[in-house]
Protein chains: 2
Amino acid sequence: MNHYVYEFAEGGREMAGLLGGKGANLAEMTRLGLPVPPGFTVTTKACRTFLATGAEPPELGSEVARALTSLEKTCGRALGRTDDPLLLSVRSGGRYSMPGMMETILDIGLCDATVTGLAKASGQERFAWDSYRRLLQMFGHTVMGVDSGLFEQAITDLKAARGVGDDLALDTGDLALLTGQFKTLIHRETGEEFPQDPVDQLHRAIRAVFASWNGERARIYRRREHIPDDLGTAVTVQAMVFGNLGRDSGTGVAFTRDPATGERGVYGDYLPDAQGEDVVSGVRTAVPLAELKRLAPDMYLQLGDHLRALERHYRDLCDVEFTIERGKLWILQTRVGKRTAEAAFRIAYDLLKERLIDRREALARVSGGDLTRLMFPRFSASATDAPLAKGIAASPGAAVGAVVFDSAAAVRRAAAGEPTILVRHETTPDDLPGMLAAQAVLTSRGGKTSHAAVVARGMGKVCVCGAESLTVDPVGRSFTTDSGVVVREGDTISVDGTSGTVHLGALPLTRSDVTRALESGQSSGPLATAVLHALAHADAVRRLEVRANADTPEDAARARRLGAQGIGLCRTEHMFLGERKSLVQAMILADHASARDSALAALLPPQRADFTAILEAMDGLPVTVRLLDPPLHEFLPDHTRLAVHVATAANPEPRDVQLLAAVERMHERDPMLGLRGVRLALAIPGLVAMQVRAIAEAVAQRLRDGGSPRAEIMIPLVGTVEELRLVRAEAEAVLAQVATETGQSIHCPIGTMIELPRAALTAGRIAGAADFFSFGTNDLTQTTWGLSRDDAEASFFPGYLDKGIFPASPFETLDEEGVGRLVTIAVEEGRAADPHLVTGVCGEHGGDPKSIHFFHRAGLDYVSCSPFRVPAARLEAGRAALAAAP
Amino acid sequence: MNHYVYEFAEGGREMAGLLGGKGANLAEMTRLGLPVPPGFTVTTKACRTFLATGAEPPELGSEVARALTSLEKTCGRALGRTDDPLLLSVRSGGRYSMPGMMETILDIGLCDATVTGLAKASGQERFAWDSYRRLLQMFGHTVMGVDSGLFEQAITDLKAARGVGDDLALDTGDLALLTGQFKTLIHRETGEEFPQDPVDQLHRAIRAVFASWNGERARIYRRREHIPDDLGTAVTVQAMVFGNLGRDSGTGVAFTRDPATGERGVYGDYLPDAQGEDVVSGVRTAVPLAELKRLAPDMYLQLGDHLRALERHYRDLCDVEFTIERGKLWILQTRVGKRTAEAAFRIAYDLLKERLIDRREALARVSGGDLTRLMFPRFSASATDAPLAKGIAASPGAAVGAVVFDSAAAVRRAAAGEPTILVRHETTPDDLPGMLAAQAVLTSRGGKTSHAAVVARGMGKVCVCGAESLTVDPVGRSFTTDSGVVVREGDTISVDGTSGTVHLGALPLTRSDVTRALESGQSSGPLATAVLHALAHADAVRRLEVRANADTPEDAARARRLGAQGIGLCRTEHMFLGERKSLVQAMILADHASARDSALAALLPPQRADFTAILEAMDGLPVTVRLLDPPLHEFLPDHTRLAVHVATAANPEPRDVQLLAAVERMHERDPMLGLRGVRLALAIPGLVAMQVRAIAEAVAQRLRDGGSPRAEIMIPLVGTVEELRLVRAEAEAVLAQVATETGQSIHCPIGTMIELPRAALTAGRIAGAADFFSFGTNDLTQTTWGLSRDDAEASFFPGYLDKGIFPASPFETLDEEGVGRLVTIAVEEGRAADPHLVTGVCGEHGGDPKSIHFFHRAGLDYVSCSPFRVPAARLEAGRAALAAAP
């Protein structure tokens, strides 16, 4: 026999799938003996039947009748009893929280025959008519489909007629008049009378809640949140209790600990003589819960007991809604409470010390996202003025500095010790020195994955991008807001990368204690202690190594302080910028081999110096150097700008004309899919040899200096093993030659990035020529989806996220189904071909918590991410190991 | 016991893996009783041992000695016998032909002690010394590693001293002198004497041939031809016979049928009193084989008998090398002969009629590539002058016309009945009307897969692209060749898309009889009969349907005449060009919904008219319409050109300024990976509705007119099923609405292109919302490899093909290992989710013979290709079915 209705006493917390989260927790509290208004829950299964067949299951009527009889008996009241009627709330509640997406109907049971009974029983006539008015309004709209605006209009009209501005100013007579108007309205709009039979009301309300599962709002929400469409909602039917029956009544919300800081002690708000809706509507202001201690000490004590019982039972911070009805405390709802990042760490650590949870569970209760949030500096006070602009919160944290409009100015002022904010339309690789020098980057164009955003996140720099209301004038060295404020170079602004806002002047800043503790290993307070404790446990249990993406000795050193176990990605292109750019241009423009060779020869010493310094900073740990990857025209000027310059110049410089010709010759329609990565290595004679020589000579130098250099050479953008074989052979020859020249024993593993679908699909063959695979999940995502990060962010991504087509940007969280399948194929087939193959990931996803769990399950050896994200990655790698363990 | 040496009598044709192609065929002929000079073959296995260990297998010496003894007995001569020495040839020969890539050494056995014996035995002293000189030269270079230039220099010096220009003018004394010089040279260069022991010579020659397997030339060749590196070569040792011993001697090549036309009858060349090398070196001109009938009728008769025996035995055209030594005919080599496309069809058909082969084998003997070659018009005479230029033979055939430099001129002249050749730097979608109007397209930039090449191949238009020696001046309306010839608009040129050459003036043209026969179904001669017969058989056995990619009623009608069973890809973007482009621009520039809606409304009637006409041309057959796919900026002017125009204009037009702003707003770094395909459908409200309405109304119109329209709607660039679900729902709503409006029953299957790796990897889910999959293998190749067709062709493709990294361009022949794996995954998982799923391919590969075989094996339902390639696709689909059948 199907069982479609569960009284609260029959259910429990573990039944959330069948009873919904709300119903399951009410049952759990009932089981615990807490004072829960009695009721029952109609299961999600009944809902599914209703949605499939359009009708309630045949047994439902009798099951509801039975549960209702039981409820009436418990309450000592009956539905429809004219002298003291039982009133019911009918609420939705699915397995996953969908706040506000489905329907609720209160005060079921009121009708012409019972409203006066309620008035008498409660002794409050106005309350009774107001409740009836509310029922007509909710039921008329939700169940009978009347436009809710019509009810609102009737209320507005009446208030106008009475010359009052507040609903509270309407008296009993007014409310009785309104109920009459509402009934007429319902009949006029639907051709049907409002049902006076309370049991009929109840069943129609249950069906309306069922149907609201498929309401448009709910469907869009589910698509966006990726909640399956076929779960259905449960319906909880519960006796109404009222907090608005006088000074001995009230309603409130309570937490078992402070959800903002995690500190122990009861926190919350209380509103005397009010219903829950009044708290939400904000008509009246609540008082701190401590006030209840003064107003009703026994109630406060009772509540405290219940909260402690719930926390012990749930072994976590609980969040409770309660109502006091004429001196009787009722718990209406509970759930595990949301909390800030700080509270998450402190509560987990405290509960561990209180022995309510073990280390394993404590680690499960915190997250890398929380940790990262705690690492940013922040504004210690909020601005009083309106922000200058609002953009996309692309890289969190807070920064204050003088506005500059180009990289050179940022570098110059930084050298003089002045903090700066780099403001650009959008950034390019040319802006890197300035981005490094500045405290924050602000752009008027580009999305969350624009160059500015990605690079800033990588550097752990504050970034607000796409602040489209700003008109940036780099030539005039100023920007203008949409309200006409002009900010000039040198003016001070404050940029909040967490909220996306920009403010004029300097807001006060606080550096993160957590970051200081992580870098020093020294705790400086309870929060830092909790964080270090969680990280120590994560380090002890994780299998994934955590390396950093770092291109400079400074980044390498910082990454190491933050716990990185090596460098998983050292990009050499950043070493080709600045003053060396002219050498790179000479290499590109070379029209014969000797010109190219001398350009390459000039690049060798600085490259070698770079590698020597990085190997020193990471002494004893692996440093994976990626050979030159980006298309060469990234080292040349912008085509259109140069063409306009040459066309409009009175006497264009010969070098500009020559450059323009080169730019046009090398123009690519889709540079991301053009001459880059290993293709460059195969197309430009001498390039690989120069880079490998620089690495090998740096290794030899470090060996001579008594170090333990562990350089690894990584070939990007390989699509077929043939490419790797050819470049590998060339690299090995150079390594052997430098070994002979220097008399040092030079061993560098040579591996490849797996960043093209074809590389993943032929990983078994590629493994035959690779010592390691490093998944370049940024490019792999771009090619697997056929979308360019930059272009997609600028055009259709927002719409896609909005329509729920993506659960999250696939550039932030790895798309397991598509890209992840390729990663799995490559790991399995690569390992099958070479059991000693080392596998890691060096794309942005290496620092993303959800993605790290996937990489753990996929069996990778390490993740590599920006230095700033290393602690979070360590934490998530530990959590992933525990989550995957049986 | 290993068996490393096979006498000819011990082997056979089936042993090509062990004995190489040459050794196996010699054994086969020996077995057939043909007069083959006796010999033996050292196996590839011996070679592999040698290459692995650096030494001959220990047993090899005794096995060679035994075979040599047997050979000497058969010949009645002995190696090293001073009075009548046996001479040997030592030749390489692997399983796969690698012409000229490995070594050959002739005249082994000559030494100081035997040279005079040879002179006496042959009665020709000069011949003996010349042979010795040749041995020293070949052996010295090949076995002993002396620079061959040194030998050549000695000969040149001697000729200069003698005052003669020709080797033949050197007399016996000169040649004896040279042998002395050569021996000195060898000793000087190697510190070693030329070995006087013939057995030593033989073994060293065998080892040198073994070693030549790993010579650089051979390795590069193998990489390019994708021949495995570990096969090794066999070595064939054979008694020398000489065709240069007087007027009763000679050498020649013979074919069992005419390899040019396929006509029956013996064909070939004969050179009296000469060796094989003399034929190759071209010092003397051969005479037609028929001449032998006059010179030596009995030899001719014998040869004829042997040729007939070989053809009966091999059941195919054979190609034979023979030598007549003093009235004795020897067959030196045979193989199945290469032939032209015409010969392939005629020979297969004739052999079938002669009952030498069955229908199945006849079909296996011809190919789609052959058929396509026969369909092009061609120049009936070759040019006498040097070509104006040479470019990439991008789309074959021949065309003559007046030079034009823009699309409008081509259209204008075509309207006046004048054939034209469109000459551009490179083409863009704007040039389509001109490309359609012109006879041929000639570009100075771009590779085999540039826009010009791809579109021209699609249209079956002649195209030569990347003729880089031409300087095209579209403004001055002329182009200039590197030799300074200036060709102006209106001048006549001839373009040969088969050879890639461009000629001044009009070369005489011939239309293809085969094409005429295919379109009419009427044979006009033996070739057309053979082709139609092969196609009829292919049609009878193939499983794959063949559809065409066609965007106009004219193309559709032509495709149908050529046997297309529907349209697999009807691109709607071509319908957005020409006069309608301004409407598209209006849609793009619309800054509010109503402007966009009215632009879309204006596009509806012409779209509907397009579809109505195409559905009429394909009445009763499916027409798959792809919704708008390309990035919108393809409908806008080029960014740089417009920016320069606006920057340099005295008073730029407001519309240009507005357009420039739109272009900049919509600029994408990688448009291929940007806002296109289904992303457009989701981003531009009303676009899908307009296109689907146009299709639905066209279907309704055709139904009213009594037709059988079978439109299908195809959504491009889907990456996730969510995209397809949303667009499908919108399309279905429009279909239902038009059905209601028109009262017609409108059923259009809705499917998707699988052209992103992610679509293939999640095909099981996508199949839940698709009625069909059409593999867009062009884009799928681009994204799987992460390379842009246009950019790659322009930069690194030539190097890649040259280095053997690609076996063939993956845009011409499907990359089975990478892209093919995705196709297989998608077909399997799509079918598992929906057994009724229809699957096809509409990328360029749909017309590629090798790829069609793969698509057959992958289980697709149809291929779709350009109309011109439909007959070849039908043929290959039939061949694929036979090849895959057990």
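Not measured: the values here are computed from a predicted model. (Residues numbered from 1 in each chain as written. Chains lettered and ligands numbered in written order. Predicted model: local features only at pLDDT ≥ 70, side-chain atom pairs only at ≥ 80, totals over all residues. Heavy atoms only, no water.)

**Quick word on the overall build of chain A**
Here is the rule we go by: By definition, any uninterrupted DSSP run of H or I lasting at least four residues is a helix, any uninterrupted run of E lasting at least two residues is a strand, and each is numbered from the N terminus. Burial here depends on accessible area, computed with a 1.4 Å probe over protein chains only, as a share of the maximum for the residue type. Under 20% is buried, over 50% is exposed, and the range in between is partly exposed. Accessible surface is estimated by sampling points in the Shrake-Rupley manner with a 1.4 Å probe; for residues, cover comes only from the protein chains shown. Counted as positive: Lys and Arg. Counted as negative: Asp and Glu, with His and the chain ends omitted from the count. Charged side chains are reduced to one point each, which is NZ for Lys, CZ for Arg, CG for Asp and CD for Glu.
Along its length, chain A carries 36 helices and 31 strands. For chain A, the proportion of its 886 residues judged to be buried stands at 57%. With the model as given, the accessible surface of chain A reaches about 34,100 Å², and the carbon-plus-sulfur share is 51%. Placing the 95 positive and 112 negative side-chain charges of chain A at their respective mean positions leaves the two points 4 Å apart.

**Things to note about the nonpolar core**
Stated precisely, the cut-off is as follows: Think of a nonpolar core as a cluster: buried Ala, Val, Leu, Ile, Met, Phe, Trp, Tyr and Cys residues, connected wherever their side-chain atoms sit within 4.5 Å. In this analysis, two residues are considered to be in contact whenever any of their non-hydrogen atoms come within 4.5 Å of each other.
Counting residues in each nonpolar core, the largest one holds 320 residues, and the members touching the most others are F345 of chain A together with F345 of chain B. Look past the residues within four positions of F345 of chain A in its chain and what remains in contact with it is V366, S367, D370, L371, L374, L527, A530, V531, A534 and L875 of chain A.

**With respect to the relation of the copies chain B and chain A**
Rules: Least squares is the method for superposing the copies, and the C-alpha atoms it fits come from residues with pLDDT of at least 70 in both.
Least-squares fitting of chain B to chain A yields an RMSD of 0.3 Å, with the transformation described by 0.1 Å of translation along the axis and a rotation of 179°. Taken together, the turn and the small shift mark the pair as related by a two-fold rotation axis. Comparing contact sets, 100% of the residues at the interface of chain B also lie at the interface in chain A, consistent with an isologous, same-surface contact.

**Comments concerning the interface of chain B and chain A**
Filter applied, for reference: Buried area, as used here, totals the accessible surface that two parts lose on assembly, with accessibility defined by a 1.4 Å probe and the loss added over both. By salt bridge we mean one thing: a side-chain nitrogen of Lys or Arg within 4 Å of a carboxyl oxygen of Asp or Glu. Residues adjacent in sequence count toward polar contacts only when both atoms are side-chain atoms; beyond that, a polar contact is any pair of N or O atoms within 3.5 Å, and within protein one must be able to donate a hydrogen and the other to accept it. Residues are grouped as follows: Ala, Val, Leu, Ile, Met, Phe, Trp, Tyr, Cys and Pro are nonpolar; Asp, Glu, Lys and Arg are charged; all remaining types, including Gly, are polar.
Of the residues lining the interface, 50 residues belong to chain B; the matching set on chain A comes to 50 residues. For the pair chain B and chain A, the two sides together bury roughly 5,000 Å², of which 59% comes from carbon and sulfur. When the buried area of chain B at its contact with chain A is split by residue, R669, L673 and R758 of chain B rank highest and sum to 15% of it. Our count for the contact surface shared by chain B and chain A stands at 10 salt bridges. One salt bridge connects R765 of chain B with E817 of chain A, and the closest N-O pair in it is separated by 3.1 Å. There are 25 residue pairs in polar contact (both at pLDDT 80 or more) connecting chain B and chain A. When grouped by side-chain class, the residues that make up the side of chain B that touches chain A number 20 nonpolar, 13 polar and 17 charged.

**Some thoughts on the sheet that holds strand β20 (residues 486–488) of chain B**
In any sheet, the strands associate via hydrogen bonds between backbone groups, in a parallel or an antiparallel arrangement. Residue and element names in this part refer to chain B. What counts is decided by this rule: Pairing between two strands is assigned when DSSP locates at least 2 bridges connecting them. Lines are fitted to the C-alpha atoms to define the axes, a helix being fitted only along its stretch in contact, and any angle between axes, read from their N-to-C directions, falls within 0 to 180 degrees.
Strands sit in the order β18-β19-β20 across an open sheet of 3 strands; the sheet is antiparallel. The outermost strands of the open sheet, each flanked by one partner alone, are β18 (471–473) and β20. Here the strands of the sheet are splayed against their neighbours by 15° on average, with no regard to which way each runs. Across 3 bridges, β18 lies against strand β19 (residues 478–480) in antiparallel orientation. When the bridges of β19 are listed, T471 appears paired with T480.

**Observations regarding the packing of helix α5 (residues 125–142) of chain A against helix α7 (residues 172–190) of chain A**
Residues and elements named next belong to chain A. Quick note on the threshold: Should an angle lie under 35 degrees it is considered roughly parallel, over 145 roughly antiparallel, and from 65 to 115 roughly perpendicular; all remaining angles are considered oblique. Note on convention: the crossing is left-handed when the near helix lies turned anticlockwise from the far helix by less than a right angle, right-handed when the turn is clockwise.
Following both chains from N to C, one finds α5 and α7 inclined at 20°, their axes separated by 9 Å at the closest point. Put simply, α5 runs roughly parallel to α7. Classified by chirality, the crossing of α7 by α5 is left-handed. In this structure, α5 uses E125, R126, W129, D130, Y132, R133, L136, Q137 and G140 to contact α7, whose residues at the interface are T172, L175, A176, L178, T179, F182, K183 and I186. Per-class residue counts for the contact of α5 with α7 are 8 nonpolar, 4 polar and 5 charged.

**Description of the confidence of the model for chain A**
Where the model shows low pLDDT, its predicted coordinates should not be examined in detail. The test is simple: A residue's pLDDT is the predictor's confidence in that residue, given on a scale from 0 to 100.
Mean pLDDT over chain A: 91, with 98% of residues reaching 70 or higher. Under the prediction, the complex receives an ipTM of 0.83, its pTM being 0.84.

**Some thoughts on the packing of helix α34 (residues 816–833) of chain B against helix α35 (residues 849–858) of chain B**
When two helices pack together, you describe them by how their axes are tilted relative to each other and by the distance separating the axes. All names here are of chain B. In the contact formed by α34 and α35, the axes pass within 10 Å of each other and the chain directions differ by 30°. The angle between the axes of α34 and α35 places the two elements in the roughly parallel class. The two elements α34 and α35 cross, and the hand of that crossing is right-handed. In this structure, α34 contributes E816, G820, V823, T824 and V827 to the contact, and α35 contributes K850, F854, R857 and A858. Residue composition of the contact of α34 with α35, grouped by class: 4 nonpolar, 2 polar and 3 charged.

**With respect to helix α7 (residues 172–190) of chain B**
Residue and element names in this part refer to chain B. Rule in force here: What a helix should span is 1.5 Å times the count of its residues minus one. The arc refers to the directions leading from the helix axis to the C-beta atoms.
Taking 1.5 Å as the rise per residue, α7 with 19 residues should run 27 Å; its terminal C-alpha atoms sit 27 Å apart, in good agreement. When α7 is considered as a whole, its buried residues turn out to be D174, L175, L178, T179, F182, L185 and I186. Buried residues in α7, looked at end-on, bunch into an arc of 140°, giving them a common side. Those residues of α7 that are exposed and angled more than 90 degrees off the buried face are T184 and R188. Capping the start of α7, D171 holds a side-chain oxygen 3.1 Å from the backbone nitrogen of G173, two or three residues further along. G191, located one to two residues past α7, shows a positive phi value of around 70°.

**Some remarks on the pairing of strand β6 (residues 250–257) of chain A**
Residues and elements named next belong to chain A. In terms of residue burial, β6 counts as a mostly covered element, since 7 of its 8 residues are buried. Pairing of β6 with strand β7 (residues 264–272) involves 7 bridges; the strand directions are antiparallel. Paired with T251 across the strands is L271, a residue of β7. The antiparallel hairpin formed by β6 and β7 contains 6 residues in its connecting segment, where G262 sits at a positive phi of about 85°. Bridge count for β6 against strand β9 (residues 318–325) is 6 bridges, and the pairing is antiparallel. Paired with T251 across the strands is T323, a residue of β9.

**Looking at the sheet that holds strand β17 (residues 462–465) of chain A**
Residue and element names in this part refer to chain A. Strand order in this open sheet of 8 strands is β12-β22-β21-β14-β15-β16-β17-β13, and the pairing throughout is mixed. The outermost strands of the open sheet, each flanked by one partner alone, are β12 (389–390) and β13 (392–395). Relative to β17, β13 runs antiparallel, the two sharing 3 bridges. When the sheet's bridge partners are listed, S395 is paired in β17 with C463. Against the sheet, helix α16 (residues 407–415) contacts β14 (398–404) and β15 (420–424), and its axis sits at roughly 110° relative to β14.

**What to know about the pairing of β14 of chain A**
Rule in force here: By definition, the crossover connecting two strands over a helix is right-handed if that path, from the first strand to the second, turns clockwise as seen with the strands pointing away from the viewer.
Judged by how many residues are buried, β14 of chain A sits mostly within the fold: 7 of 7 residues are covered. Handedness of the crossover joining β14 of chain A and β15 of chain A through α16 of chain A is recorded here as right-handed.

**Thoughts on the pattern of salt bridges**
In total, this model carries 124 salt bridges over all chains according to the counting rule given. R758 of chain A is the partner of E817 of chain B in a salt bridge, and the nearest nitrogen-oxygen pair spans 3.5 Å. Of this pair, E817 of chain B sits in helix α34 while R758 of chain A sits in helix α29 (residues 757–761), which puts the two residues in different chains. One salt bridge connects R821 of chain A with E829 of chain B, and the closest N-O pair in it is separated by 2.6 Å. Taken together, the positions of R821 of chain A in helix α34 (residues 816–833) and E829 of chain B in helix α34 put the pair across two chains. We classify E829 of chain B as partly exposed; its relative accessible area is 28%. Put simply, R257, R264, E311, D350, K353 and E354 of chain A are held in one network by salt bridges that share partners.

**Re the environment of D848 of chain A**
All names here are of chain A. Tracing the sequence through the fold places D848 in the loop between β30 (838–841) and α35 (849–857). Sequence-wise, D848 and V287 are 561 residues apart; in three dimensions their C-alpha atoms are separated by 40 Å. Excluding residues that lie within four positions of it along the chain, D848 makes contacts with E812, T813, L814 and R869. Side chain to side chain, D848 and S851 meet in a polar contact 2.5 Å long.

**Some details on the state of the cysteines**
Residue and element names in this part refer to chain B. Stated precisely, the cut-off is as follows: When two cysteine sulfur atoms lie within 2.5 Å, the pair is treated as a disulfide.
Counted according to the given criterion, the structure contains 0 disulfides over all chains. Here C842 is not cross-linked by a disulfide; its sulfur's nearest cysteine counterpart is in C865, at 11 Å. Overall, C842 belongs to the buried group, its relative accessible area being 4%.

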